[in-house]
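# What the coordinates show
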Amino acid sequence: MNNEEHFAETVTRFERPAEQLRLLCAGTGDYLSFDGDQFSISGSVDDHAIWRDVPGGYRHVETGIELERSGKTLVGERGTITVEGEKDFVDTHGPERLPSEYLDHFRAHGWVCLTSILDPEIVRGLEEVACTDRYADRTFDGTVSPLVQSAALARCAAEPLSLWLIRQYMQIDEIRLAHVPGIAVLDRDDGQRNVQGWHSDFPYLWGISGRRNANGIDGRVPTASGATVLGIQRNVCVSDFTKVGGATAFKLGSHAHDSGPPREWGHGTLHYQPGHRAKHGLPYSGSEADIVEAPGGSIILYDARTWHRAGVNRTDDRRAAILQAMTPMYVMPFADTSGAWKELRKSAVFDELTAREQREVQSLMVHYIAGPAGITAITTDPELSSMLAEQRGER
Ligand SMILES: [Fe+2]
């Protein structure tokens, strides 16, 4: 583990797929699903919802049954497919592989790459808001939340396969965004500024919380959490993720240690300190670390315990990503998402979303207490916050 060994990480590369499977989307935004016996529409994308383009129609990958396309309707052995009053279906962008294959990989290794999972139109919208790639000469509008600049961000947050995988991996249906999805842009490294050190993500924050707990651990979660997964990070590659362009560095599989990264790799808390790089150099970037290279439009999911750090961009191309901490409903959020949700709800962008997307984004962004008195949405309290700040002598 030698910090002098720079940019020697082991690369795992995912190429843009030659073929994408298809999802057949009803007017509600839910997907046509077949369980071997019955058709249904569902917001959940598991193997039942995966189809392949064949001449004149679609083949259900799991069972092999075929449907003929006739305009927007689909015709099977027993006639036109009608489910819950829905009979028009639009062929939409799907994954490269079956959901169960991704889930097997995720469970076995603690991470998975959904290569080119996002519809190209969503990727275009993300680039436009981020002002990178095809929109590199555009100027970022910092006056308006990215979430209401384009429907692409909300549609990306509602991407159904990643949500299904997160729910399966954390063994809970009610999952939340722990903060508002934002765009992270990494420009060329200047050789001097601090680079993020090694850490585990929210809510663990091992190596980066900035304070030691009673067990002497720098982190929020005091002990290993075992089979109870407290967080998954969902990294959306807007730009192509490449080693030279600053793709995230990982120690793949390190979630299994269920503890923070080794101190000698350079913890995040240390590397944030002013002047740290000038004195101590970069965090570990040797061959025991990994880089996942993937085309723009891919989503990398990883168990939040996985040791990782931001990449170092050695190109002139600005690299955009959307980083989303996903948690079970019982974990306190990292930041308040309620204001951004209300802003989205009132915006024109909201009307561009399908009913499924609206439902998903609401369930991800509205944190609430369900008690005997019913459901109470949780938000921050400015008056109470001011009182606390006064007590601490901050105002
Ligand atoms: Fe992180």
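Here is what the cut-offs are and how they apply
Residues numbered from 1 in each chain as written. Predicted model: local features only at pLDDT ≥ 70, side-chain atom pairs only at ≥ 80, totals over all residues. Heavy atoms only, no water. Helix = DSSP H or I, 4+ residues; strand = E, 2+ residues; numbered from the N terminus. Rg over C-alpha atoms; globule rule 2.2 N^0.38 Å. Contact = heavy atoms within 4.5 Å. Areas by Shrake-Rupley, 256 points an atom, 1.4 Å probe, with all protein chains shown as cover. Lys, Arg positive; Asp, Glu negative; His and termini not counted. Charge placed at Lys NZ, Arg CZ, Asp CG, Glu CD. Domains from an automatic or database assignment. Buried area = accessible area lost by both parts, 1.4 Å probe. Donors = N, O, S within 2.8 Å, 3.2 Å for Na, K, Ca; no water. Buried < 20%, exposed > 50% of the residue type's maximum accessible area, 1.4 Å probe, protein only. Core = buried A, V, L, I, M, F, W, Y, C linked by side-chain atoms within 4.5 Å. Polar contact = N/O pair within 3.5 Å; in protein donor to acceptor, adjacent residues only side chain to side chain. Arc of directions from axis to C-beta. Pairing = 2+ DSSP bridges. Phe/Tyr/Trp six-rings, centres within 6.5 Å; stacked < 30°, edge-to-face > 60°.

### Considerations on the overall build of the chain
Looking only at helices and strands, the chain has eleven helices and 21 strands in total. Taken over C-alpha atoms, the radius of gyration comes to 22 Å for the chain, in line with the 21 Å a tight globule of 395 residues would show. Along the first, second and third principal axes, the C-alpha set of the chain runs to 70 × 55 × 45 Å. The contacts of the chain with a sequence gap of at least 6 include a subset with a gap of at least 24, amounting to 76%. Of the roughly 18300 Å² of accessible surface on the chain, a fraction of 49% belongs to carbon and sulfur atoms. Within the chain, the 56 negative side-chain charges are centred at a point lying 4 Å from the centre of the 40 positive side-chain charges.

### Overview of the domain arrangement of the chain
One can read the domain layout of the chain as domain 1 (10–14 + 99–366) and domain 2 (22–93). Measuring from the centre of the C-alpha atoms in domain 1 to the corresponding centre in domain 2 gives 32 Å. Contacts between the two partners involve 14 residues from domain 1, matched on the other side by twelve residues from domain 2. Of the roughly 1000 Å² buried where domain 1 meets domain 2, counting both sides, 54% is carbon and sulfur surface.

### A few points about the coordination of the iron ion
Six octahedrally arranged donors around a metal ideally form angles of 90 or 180 degrees; four tetrahedrally arranged donors ideally form angles of 109.5 degrees. The coordination sphere of the iron ion contains the protein donors His199 (NE2), Asp201 (OD) and His308 (NE2), at a distance range of 2.2 Å. All donors of the iron ion belong to a single chain; written as a sequence motif, their spacing is H-x1-D-x106-H. Taken as a pair, Asp201 in the loop between strand 13 (182–186) and strand 14 (232–237) and His308 in strand 18 (residues 308–309) lie far apart in primary sequence, 107 residues in all. Per residue, the accessibility class of Asp201 equals that of His308, and both read buried.

### As for the nonpolar core
Ranked by internal contacts, the top residues of the largest apolar core, which has 56 residues, are Leu118, Leu126, Leu165 and Leu344. In terms of residue count, the dominant contributor to this core is helix 5 (residues 160–170) (seven residues). Here this core gathers at least three residues from each of two domains, domain 1 (10–14 + 99–366) and domain 2 (22–93). Non-local contacts of Leu126, meaning those with residues more than four positions away in its chain, are made with Leu118, Ala152, Leu153, Cys156, Ile183, Val236, Val238 and Ile322. Grouped together as the second largest cluster of nonpolar side chains are 19 residues, Phe241, Ala247, Ile300 and Ala321 included.

### A word on the side chain of Glu9
Examined against the element boundaries, Glu9 turns out to sit in the segment before strand 1 (10–13). We classify Glu9 as buried; its relative accessible area is 5%. In this structure the side chain of Glu9 is engaged in a polar contact, spanning 2.7 Å, whose partner is the side chain of Arg309. When residues no more than four places from it in sequence are discounted, the contact partners of Glu9 are Lys243, Ala249, Ser285, Gly286, Ser287, Ala289, Asp290, Ile291 and Arg309.

### Concerning helix 8 (residues 338–346)
Working note: α-helix, 3.6 residues per turn, so residues spaced by three or four point in the same direction. Of the residues making up helix 8, those classed as buried are Ser338, Ala340, Trp341 and Leu344. Viewed end-on, helix 8 has its buried residues packed into an arc of 160 degrees, placing them on one side of the element. Elements that come into contact with the buried residues of helix 8 comprise helix 3 (146–149), helix 4 (151–157), helix 9 (348–352) and helix 10 (355–365).

### Overview of the sheet that holds strand 15 (residues 249–250)
Adjacent strands of a sheet pair through backbone hydrogen bonds, lying either parallel or antiparallel. As summarised here, the arrangement of the four strands in space is 1-16-15-18, forming an open sheet in which the pairing is mixed. At either margin of the open sheet sits one strand with a lone partner, and together these are strand 1 and strand 18.

### Considering the packing of aromatic side chains
All chains considered together, the criterion is met by ten aromatic pairs. Here Trp198 and Trp265 contribute two aromatic rings whose centre-to-centre distance is 4.7 Å and whose plane-to-plane angle is 65 degrees, an arrangement assigned as edge-to-face. Linking Trp198 in the loop between strand 13 and strand 14 with Trp265 in the loop between strand 15 and helix 6 (268–271), this pair joins segments that are 67 residues apart in sequence. An identical accessibility class is assigned to Trp198 and Trp265; each is buried.

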